[in-house]
Amino acid sequence: MSAAVASTTTPSTGSGQWLRYRRYLPPLLIVVLWQVAASAGLIPTRTLASPAMIAGTFAELITSGELPRHLLVSLGRVATGLGIGIVVGTTFALIAGLSRRGEDLLDATLQMLRTLPFLALVPLFILWFGIGETPKIALVALGTMFPIYLTLFAGIRGVDAKLIEAGSTLGLSRREQLLHIVLPGALPSALVGLRYALGVAWLSLVVAEQINADSGVGFLVMSARDFLRTDIILVGLFVYAILGLSADQIVRVLERRVLAWRPSFLKD
Amino acid sequence: MNAHPALTARQHPVVQVSNLVRSFGQGSNVLDGLDLTIRSGEFVALLGRSGSGKSTLLRTLAGLDEAPAGTVTVPAERAVVFQEPRLIPWKRVWANVALGLRTADARERAAAALTEVGLNHRLDAWPLTLSGGEAQRAALARALVREPKLLLLDEPFAALDALTRLKTQGLVASLWRAHRPAVLLVTHDVDEALLLADRVLILDQGRIGFDLHVNLERPRRHGQPAFSSLRSRLLRELGVEEENPDEPVEELRAPARSRAPAASATRENHAVWAASTDALARS
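Now for a quick tour of the structure. Keep in mind it's a predicted model, so treat the numbers as computed, not measured. (Residues numbered from 1 in each chain as written. Chains lettered and ligands numbered in written order. Predicted model: local features only at pLDDT ≥ 70, side-chain atom pairs only at ≥ 80, totals over all residues. Heavy atoms only, no water.)

Digging into the pairing of strand β8 (residues 199–204) of chain B
Residue and element names in this part refer to chain B.
For step 1, the next point in the chain: Most of β8 is tucked away, with five of its six residues classed as buried.
For step 2, the next point in the chain: Direction of pairing for strand β3 (residues 43–47) relative to β8: parallel, over a ladder of four bridges. Across the sheet, the residue bridging to L47 is I202, located in β8.
For step 3, the next point in the chain: Pairing analysis gives six bridges linking β8 to strand β9 (residues 207–213), with the strands arranged antiparallel. In the strand pairing of β9, I202 is matched with F210.
For step 4, the next point in the chain: Connecting β8 to the antiparallel partner β9 that follows it, the hairpin turn spans two residues, and Q205 within it adopts a positive phi of roughly 50°. (Buried < 20%, exposed > 50% of the residue type's maximum accessible area, 1.4 Å probe, protein only. Helix = DSSP H or I, 4+ residues; strand = E, 2+ residues; numbered from the N terminus. Pairing = 2+ DSSP bridges.)

Here it is as structure tokens:
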């Protein structure tokens, strides 16, 4: 009897493991095929470097210190721009979200500017700020400000009026209402905005660094183009992907911590 | 009533409303010259059809709506329990109860209040993990921890399932006995009103149309003859003709009433009728 049980359970857990990992098989297969095709000379290196070549170049760029140097420059630009974007976006959202007068003052203007593709401002920014750090940081700041503003504003306005009413029957002052009910209630929405802003930040940086720069990951990629180094270009793309993924992961961890009260997190 | 010292001590009015008028938009007044006195420690139930202004009156007493005309005197120490628990989801249960308390022992007081409603094991739980009954008990604890002189209950049992409702009603009765706040309970349920209240009021056309002192001994039961006769009386005042009363109470029945207008009245008061038959089925 026990032998029969054992023999039926063992294969089923084995196939469970298999089911879990089999979804990673197709991308792996693509990489293998890519390598095979490149080694067989079917894909010219000028069009697309092989995976092995990319890995080699990646290691080389790291050991030479070139990639870390450019990466630090890019990270600095994103951090500064994002910081400014968050501060300005949050300030605007608080002003517009917490008072009708503030909304009348800011919202229409910001909603109009929001519809403008902000990357189209690059030529103007170069005219205004030159070609140094300022236009790059300004572009990141501008791009990230809107998602922060929109989601925090919507979050503040979306807080359940019944909770605010309950708060006032508990004798909370306006300041306490904000602190205990309105701002924490707006946080889930604002964190969606933060995640979105991080995506926009990388996007703006790619554009800014490819147009006019002498450092940064974007510059690395653009100068590689001049020498037909597809391997370096692909390393740059790989770095962007890793940065995007880890930024997203940071926000996920943050959400898990500050939104622990939500049922979706309560289950684990 | 005999002049028992404990009784006279809590005879002074805590709520005094005179000539209260409230209207929404251009229509007729929802509250139209309403007068109401609630004495200290008194348990008052307020019945009325949907849209009769019961909740408007409660909200005015809670200070949630401004009273445009008339005078309203209410104690500063008052608390509200709504139909939904309205717990703050991002504050743990004890912090919800302690919210707005400005003393250093806020957590201890919250814990004591939660123990009183049987939730001492859920102090650190998130509100969204509570069952409906637990959440409403937490809301009761949050009201009681403020030691209110006036407790306003806006259909607090309406969203609970039948069994939980009975338990929670029992809890409210015992909490009221222990703390003796004046209570205004807004409800659709005639049985619930008779089970809990000293006085049952019916709000009709913007005023208190009917004021019934309930001189039944506690604890009360649905089956008692005196209970049934009061129940029939209230239902009749609400315009509902019972089709199948527990016991025929001859002297209280209007003999010459025809069935046809009663049927339309029943449809009009569907909510009241449904609530009371529901309670009937439970008892």
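Description of the nonpolar core
For step 1, the next point in the chain: Judged by nonpolar contacts, the single largest core of 57 residues is most densely connected at B:L114, B:L194, B:V200 and B:L234.
For step 2, the next point in the chain: Looking at this core element by element, the count peaks at seven residues for helix α5 (residues 132–144) of chain B.
For step 3, the next point in the chain: Excluding anything up to four places from it in sequence, B:L114 contacts B:V93, B:W94, B:V97, B:L119, B:N120, B:L123, B:A138 and B:A141.
For step 4, the next point in the chain: Counting 52 residues, the second largest nonpolar core, distinct from the first, contains A:F153, A:V251, B:L99 and B:W126. (Core = buried A, V, L, I, M, F, W, Y, C linked by side-chain atoms within 4.5 Å. Contact = heavy atoms within 4.5 Å.)

Quick notes on a nonpolar patch on the surface
Residues and elements named next belong to chain A.
For step 1, the next point in the chain: A contiguous nonpolar patch, built from W18, L19, L25 and L28 and spanning about 430 Å² of accessible area, is present on the exposed surface.
For step 2, the next point in the chain: When residues of the nonpolar patch are traced back to their parent elements, those giving at least two are α1 (2–21) and α2 (25–39).
For step 3, the next point in the chain: In this structure, L19 sits in helix α1.
For step 4, the next point in the chain: A residue is classified by how much of its surface remains accessible, and L19, at 46% relative accessible area, is partly exposed. (Patch = residues over 30% accessible without salt bridge, like charges linked within 9 Å, V, L, I, M, F, W, Y side chains within 5 Å. Areas by Shrake-Rupley, 256 points an atom, 1.4 Å probe, with all protein chains shown as cover. Salt bridge = Lys/Arg side-chain N within 4 Å of Asp/Glu carboxyl O.)

Description of the interface of chain A and chain B
For step 1, the next point in the chain: Taken together, the contact between chain A and chain B spans 19 residues of the former and 20 residues of the latter.
For step 2, the next point in the chain: Contact between chain A and chain B buries roughly 1800 Å² in total, counting both sides, with carbon and sulfur atoms accounting for 69%.
For step 3, the next point in the chain: By the criterion of area lost to chain B, the three top residues of chain A are A:T169, A:L170 and A:W261, representing 35% of everything that side buries.
For step 4, the next point in the chain: Across the salt bridge formed by B:R59 and A:E165, the nearest N and O atoms sit 2.8 Å from each other.
For step 5, the next point in the chain: Remark: the boundary between chain A and chain B carries eight residue pairs in polar contact (both at pLDDT 80 or more).
For step 6, the next point in the chain: The set of elements that each furnish at least two residues to the side of chain A that touches chain B consists of α8 (161–169), α9 (174–211) and α12 (263–266) of chain A.
For step 7, the next point in the chain: Here the side of chain A that touches chain B gets six residues from one element, more than from any other, and that element is α8(A). (Buried area = accessible area lost by both parts, 1.4 Å probe. Polar contact = N/O pair within 3.5 Å; in protein donor to acceptor, adjacent residues only side chain to side chain.)

Description of the pattern of salt bridges
For step 1, the next point in the chain: On inspection of all chains with the given rule, the structure shows 23 salt bridges over all chains.
For step 2, the next point in the chain: Put simply, B:E84 and B:R86 hold a salt bridge, and the shortest N to O gap is 2.7 Å.
For step 3, the next point in the chain: B:R86 sits in the buried class, given a relative accessible area of 10%.
For step 4, the next point in the chain: Among the charged side chains, a salt-bridge network with shared partners connects A:K162, A:E165, B:R59, B:D65, B:E84 and B:R86.

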